Amino acid sequence: MISVIFVCLGNICRSPMAEFVFKKMVDERSLSLSFDITSRGTSDEEEGNGIYPPAARTLRTHGIEGRHVSRQLTKKEVLNADYVLVMDSGNLFDVLRLTGGQCSEKVFKLCSFTSHPRDVADPWYTRDFEKAYSDIRDGCEGFLNYVLSAHSDMLGYDSRH
């Protein structure tokens, strides 16, 4: 099983959007049993809150729904994950600081898997949830293609069960 954690600041906008987008992509390929997918925030300021309503509305317009409660990322979760996908450079810095620089080989900006590497701008500030969704979808597609190529030997689990 491949463990993936999507990370943003508060875990109420970008990272839960990425979690749900990626879960849908994986499910559409009948690979759900091969992945453990979650999301976290680098801050505890939104802990216990649900997904931000404009983020949830944006997902619904694209046929994606899910339940979510914000949680702060722990060092143990980073150590145990296969991939930690952050939304921006600030999140990258925070995750590396949390781990004391350990695990840098498994921490990536989500959109580094695209043909146009970039940060996913925080829609909390930009108010452009559709742009965030577009960037997240692009990053998730690129990441899934990478995983399908790099871990093809691990992804037969679903077809065997």
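Along each chain, the written sequence defines residue order, and numbers are assigned to residues from 1. The model is predicted, so local features are restricted to residues of pLDDT at least 70 and side-chain atom pairs to those at 80 or more, both for listing and for counting; the totals for chains, interfaces and linings are taken over all residues. The side-chain quantities take in all heavy atoms of the structure and omit both hydrogens and water.

(A) Region of the structure containing the overall build of the protein. Along its length, the protein carries 7 helices and 4 strands. Order of helices (α) and strands (β) in the protein, N terminus to C terminus: β-α-β-α-α-β-α-β-α-α-α. Throughout, radius of gyration means the C-alpha value; the globule benchmark is 2.2 Å times the number of residues raised to the power 0.38. Taken over C-alpha atoms, the radius of gyration comes to 15 Å for the protein, in line with the 15 Å a tight globule of 161 residues would show. Oriented by its inertia axes, the alpha-carbon framework of the protein measures out at about 45 × 40 × 30 Å. Each helix corresponds to a stretch of at least 4 residues labelled H or I by DSSP, and each strand to a stretch of at least 2 residues labelled E; elements are numbered beginning at the N terminus.

(B) Region of interest: helix α6 (residues 129-150). The end-to-end C-alpha distance of α6 is 31 Å, a good match for the 32 Å that 22 residues give at a rise of 1.5 Å each. The buried label goes to any residue with under 20% of its type's maximum accessible area, the exposed label to any with over 50%, and the partly exposed label to all in between, with areas taken from a 1.4 Å probe on protein chains only. For α6, the set of buried residues is F129, A132, Y133, D135, I136, G139, C140, G142, F143, L144 and V147. Turning to α6, the residues buried within the fold contact β1 (2-8), α1 (14-28), β2 (35-41), α2 (53-61), β3 (83-86) and α5 (123-126). Multiplying 1.5 Å by the residue count of a helix minus one yields the expected span of that helix. Any pair of residues with heavy atoms lying within 4.5 Å of one another is described as a contacting pair.

(C) Structural context of the nonpolar core. In this text, buried Ala, Val, Leu, Ile, Met, Phe, Trp, Tyr and Cys residues form a nonpolar core when linked through side-chain atoms within 4.5 Å. Grouped together as the largest cluster of nonpolar side chains are 38 residues, with contacts concentrated most on F6, F22, F35, I136 and C140. The set of elements that each furnish at least two residues to this core consists of β1, α1, β2, α2, β3 and α6. With 8 residues, α6 is the single largest residue contributor to this core. When sequence neighbours within four positions are dropped, the list of residues in contact with F35 reads M1, I2, V4, F22, V26, L144, V147 and L155. Judged by nonpolar contacts, the second largest core, of 10 residues, contains I5, A81, V84 and V95.

(D) Quick peek at the pattern of salt bridges. Salt bridges are counted wherever a side-chain nitrogen of Lys or Arg sits within 4 Å of a carboxyl oxygen of Asp or Glu. Taken as a whole and assessed by the stated rule, the structure comprises 12 salt bridges. When the shortest N-O distance is used, the salt bridge between K24 and E28 registers 3.9 Å. Residue K24 and its partner E28 are located together in helix α1, separated by 4 residues, close to a single helical turn. You can call K24 partly exposed: its relative accessible area is 31%. The residue D135 makes a salt bridge to R118 at a minimum N-O spacing of 3.1 Å. Of this pair, D135 sits in helix α6 while R118 sits in the loop between β4 (107-109) and α5; the two residues are 17 residues apart in sequence, bridging distant segments of the chain.

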